[in-house]
Amino acid sequence: MIEGSLPPVEFWCELQCPDCRTALDDVRALRARFGDALTITLRHFPLEKHRHAYPAAEAAEEAFAQGKGWEYVEAVLARVAELDRRGPELLVEVAAELGLDAEEVDTALVDGRHMLVVDADQAEGKAIGVTGTPTYVVAGRRLDGGKSQEGLLEEIIALLEA
């Protein structure tokens, strides 16, 4: 494989999803194996059953705008149960803990500046058949991880190295 020719990986995620928290181990393993040669893009797919998933996606977009998106995603997913109880208060707290402009994250949740990105991701996800999270798209192939992560990492690696 020619260096830099790896297909990108889209990680369709919902920040209130316990399975997505588990899937971060696969994302970390992919980064460790392929390093900077692999682009992993977070795509939002907030599910209606999780009432804080949509604001969490918006807050994550603000964290990406401030340069710490992946750190924010990992920190929020590490506290899924707490997010369920505390909602937007936790989202702002995590931002402050990471050294982000927490006031700006709070403002972004109020003014909806990232709604279009989240809505577009959700619409595209539905259009390509995403029904749950985590889901990956690698080399044009959708891999659904919501039911089981078993064997998924190996399948992603095989697609990347094909």
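What comes next is a walk through the structure. Here the structure is a predicted model, which is why all the values come from computation and not from measurement.

With respect to the packing of helix H1 (residues 18-34) against helix H3 (residues 69-77)
Alright, step 1. Contact pair H1 / H3: the axes reach a minimum separation of 9 Å and the direction vectors enclose 145°. Viewed along their axes, H1 and H3 form a crossing whose handedness is left-handed. Packed against H1, whose contacting residues are Cys20, Arg21, Leu24, Arg28 and Arg31, the element H3 presents Trp70, Glu74 and Leu77 at the interface.
Alright, step 2. Residues that form the contact of H1 with H3 fall into these classes: four nonpolar, no polar and four charged.

Remarks on empty space enclosed by the protein
Alright, step 1. Scanning the model with the defined rule gives one cavity of 30 Å³ or more in all.
Alright, step 2. If you add up the space inside the largest cavity, you get close to 30 Å³.
Alright, step 3. Forming the boundary of the largest cavity are Cys13, Glu14, Leu15, His44, Phe45, Pro46, Ala53 and Ala57.
Alright, step 4. Residue composition of the lining of the largest cavity, grouped by class: six nonpolar, one polar and one charged.

Quick word on the packing of aromatic side chains
Alright, step 1. Within the structure shown, the criterion is met by three aromatic pairs.
Alright, step 2. Taking 6.0 Å as the distance between ring centres and 85° as the angle between the ring planes, the aromatic pair formed by Phe64 and Trp70 counts as edge-to-face.
Alright, step 3. The class of Phe64 is partly exposed, set by a relative accessible area of 30%.
Alright, step 4. Three or more aromatic residues link up through ring pairs in this structure, and these residues are Phe11, Phe64, Trp70 and Tyr136.
Alright, step 5. Seen from the ring of Trp70, Arg31 lies directly overhead, with NZ or CZ sitting 4.3 Å from the centre.

Structural notes on the pairing of strand S1 (residues 9-13)
It is a general feature of regular strands that their side chains alternate between the two faces of the sheet.
Alright, step 1. Of all five residues that make up S1, five are buried, and the element is covered over most of its length.
Alright, step 2. Of the two faces of S1, the one holding Val9, Phe11 and Cys13 and the one holding Glu10 and Trp12 are both buried throughout.
Alright, step 3. Pairing of S1 with strand S2 (residues 40-44), which is carried by five bridges, proceeds in the parallel orientation. Bridging from a neighbouring strand, Val9 pairs with Ile40 of S2.

The rules we used
Every chain begins its residue count from 1, and numbering advances along the sequence as written. Reporting in this predicted model follows two pLDDT cut-offs: at least 70 for local features of residues, and 80 or more for side-chain atom pairs to be given and counted; totals over whole chains, interfaces and linings ignore these cut-offs and use all residues. The side-chain quantities take in all heavy atoms of the structure and omit both hydrogens and water. For helices, the fitted line uses only the C-alpha atoms of the stretch in contact; every axis is such a line through C-alpha atoms, and the angle between N-to-C directions lies from 0 to 180 degrees. Per the convention used, a helix needs a DSSP run of H or I reaching at least four residues, while a strand needs a run of E reaching at least two, with both numbered from the N terminus. The hand of a helix crossing depends on one turn: near helix anticlockwise from the far one by less than a right angle means left-handed, and clockwise means right-handed. Whether two residues touch is decided by their heavy atoms; if any such pair falls within 4.5 Å, the residues are in contact. Polar here means any residue other than Ala, Val, Leu, Ile, Met, Phe, Trp, Tyr, Cys and Pro, which are nonpolar, and Asp, Glu, Lys and Arg, which are charged; Gly is therefore polar. Space inside and on the surface of the protein is sampled on a 1 Å grid over the protein atoms alone, with a cavity defined as a set of points where a 1.4 Å probe fits but cannot get out and a pocket as an open set with protein on both sides within 12 Å along at least 5 of 7 lines; lining residues have an atom within 4 Å of a point. Grid points are joined across faces, edges and corners, and a volume is the space filled by probe spheres set on the points. Working definition: rings of Phe, Tyr and Trp (its six-membered ring) pair if their centres are within 6.5 Å, and the pair is stacked with planes under 30 degrees apart, edge-to-face with planes over 60 apart, and tilted otherwise. Relative accessible area decides the class of each residue, using a 1.4 Å probe on protein chains only: under 20% of the type maximum gives buried, over 50% gives exposed, and in between gives partly exposed. The criterion for a charge sitting over a ring is simple: Lys NZ or Arg CZ within 6 Å of the ring centre, and within 35 degrees of the ring normal. Pairing between strands is defined by DSSP: at least two bridges between the two strands are required.

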